[in-house]
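Report on the structure
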Amino acid sequence: MPYPDEAEGFQVDSPDTYTTFHKRSFKLKPFGDYDVDIKIEACGVCGSDLHTISGGWGEQKFPLCVGHEIIGRAIRVGPCVTLIQEGQRVGVGAQSYSCGDCKQCKNDNETYCPVLMVDTYGTEWPDTGIVSQGGYASHVRTHEHWVFPIPEQLESTLAAPMLCAGLTAYSPLVRNGAGPGKKVGIVGLGGIGHFGVMFAKALGAETWAISRSRAKEEDARRLGADGYIATAEDGWEMKHRCSFDLIINCASSTKDFALAKYLSMMDVHGRWISVGLPEEEGQVIKAQDLLDNGVLIGASHLGSRREMLEMLQLAADKGLKGWVEELPIGEKGLKEAMERMKRGDVHYRFTMTGYDKAFAMDK
């Protein structure tokens, strides 16, 4: 059946065939009083999509339509919706629901809700038996709290990757004091990291990009980096010992990762915050490596609605633009996106476009 009972999208059936997408219909969850229906116009491609459908993050609920950097138009709003108006251009990120009542949800920490969390794809909606499906599709249905108005100044293609990658970088920056007078490092100049450099600089911090070689130094400077560290060079950490207030680790791999050297660059009680989620095991952390500067180690998960709106407005006000390549939504375009993501051939994000052509629907 067509929308509003079902959406149409591109699903993967198993990790063994993760580059093979099948166009088919699937059920949407029942429409609720606080729900918003969105006709999708663009969707960013996140590393999470690849890790999920390729089996890198373990067992999943297949068949599955991924994609959680969604931009579209609100075409239907529930009777109790107050945050979104019909016809608005809106976005949806990686999470689509939480309990809304716990301490965490009431304190702008809804992405850490211990009671109930529904990811935009791959999670069963409570009491429905329906698995959430993502943005490589014609429509998505989401609770209003997780639907965000997009400022007019932001192009849909460029704004889409901000809804996961951008927020993943922005939230730990603001929560850990990035701003004037602070020295901030961004490890890994990829999909998340390039946003990290951009936002750290926009927040007023002295910003350093940290990568294995100098291949991306010019990119880092163009994104706003004040300095650059290449970890393949001898003694790379020595000039920066005890100097960083905050380092955000966006690296997608832990292979040959000299964690102790990174930690030695932190000021007393400086904060090392990880946001990348490598498939392999993490580093061994020795207590001895923490003593010289009392470094604090943590992590960050997405960001709150308040932070999402602040980030989008900052990008609009400062004219910030992610580095994005467009690909057409469809079996061929999605296969290309996954194959190129797998081999690291992306500079620095993909956004799937051409939805009107792929999904010829009335609404």
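The following paragraphs examine the structure supplied in this document.

Reading the values: rules and limits
Residues numbered from 1 in each chain as written. Predicted model: local features only at pLDDT ≥ 70, side-chain atom pairs only at ≥ 80, totals over all residues. Heavy atoms only, no water. Helix = DSSP H or I, 4+ residues; strand = E, 2+ residues; numbered from the N terminus. Buried < 20%, exposed > 50% of the residue type's maximum accessible area, 1.4 Å probe, protein only. Contact = heavy atoms within 4.5 Å. Lys, Arg positive; Asp, Glu negative; His and termini not counted. Charge placed at Lys NZ, Arg CZ, Asp CG, Glu CD. Pairing = 2+ DSSP bridges. Axes fitted to C-alpha atoms, helices over the stretch in contact; angles between N-to-C directions. Core = buried A, V, L, I, M, F, W, Y, C linked by side-chain atoms within 4.5 Å. Domains from an automatic or database assignment.

This next bit is on the overall build of the protein chain. Broken down by element type, the protein chain carries 11 helices and 17 strands. Overall, the protein chain is about 65 × 40 × 35 Å in size when its C-alpha atoms are taken along their principal axes. Within the span of the protein chain, comprising 363 residues, buried residues form 56% of the whole. Sequence separation of 24 or more characterises 72% of the internal contacts of the protein chain that already satisfy a separation of 6 or more. Computed over 39 positive and 49 negative side-chain charges, the inter-centroid distance for the protein chain is 3 Å.

We now examine the sheet that holds strand β12 (residues 227–230). Ordered in space as β12-β11-β10-β13-β14-β15, the six strands form an open sheet in which the pairing is parallel. This sheet does not close on itself; its edge strands, each paired only once, are β12 and β15 (296–299). Strand-to-strand twist across the sheet, computed as the mean angle between neighbouring axes with direction ignored, equals 20°. Note that strand β11 (residues 206–211) and β12 share four bridges and pair parallel. From the neighbouring strand, Ile210 faces β12, where its bridge partner is Ile229. On top of the sheet, helix α4 (residues 165–175) reaches β10 (183–187), β13 (244–249) and β14 (266–274); it is set at about 160° to β13, its chief contact.

Of all hydrophobic cores here, the largest spans 46 residues; its most connected members are Leu173, Val184, Phe199, Ile248, Met311 and Leu312. Of all the secondary structure elements, the ones that give two or more residues to this core are α4, β10, α5 (193–202), α6 (217–223), β12, β13 and α9 (305–318). Counting the residues that make up this core, at least three belong to each of domain 1 (6–164 + 303–359) and domain 2 (165–299). Those residues in contact with Val184, other than ones at most four positions away along the chain, are Leu173, Ala178, Ala200, Ala205, Glu206, Thr207, Trp208, Phe244 and Leu246. If you look at the next biggest cluster of nonpolar residues, it comprises 41 residues, including Phe21, Ile53, Tyr121 and Phe350.

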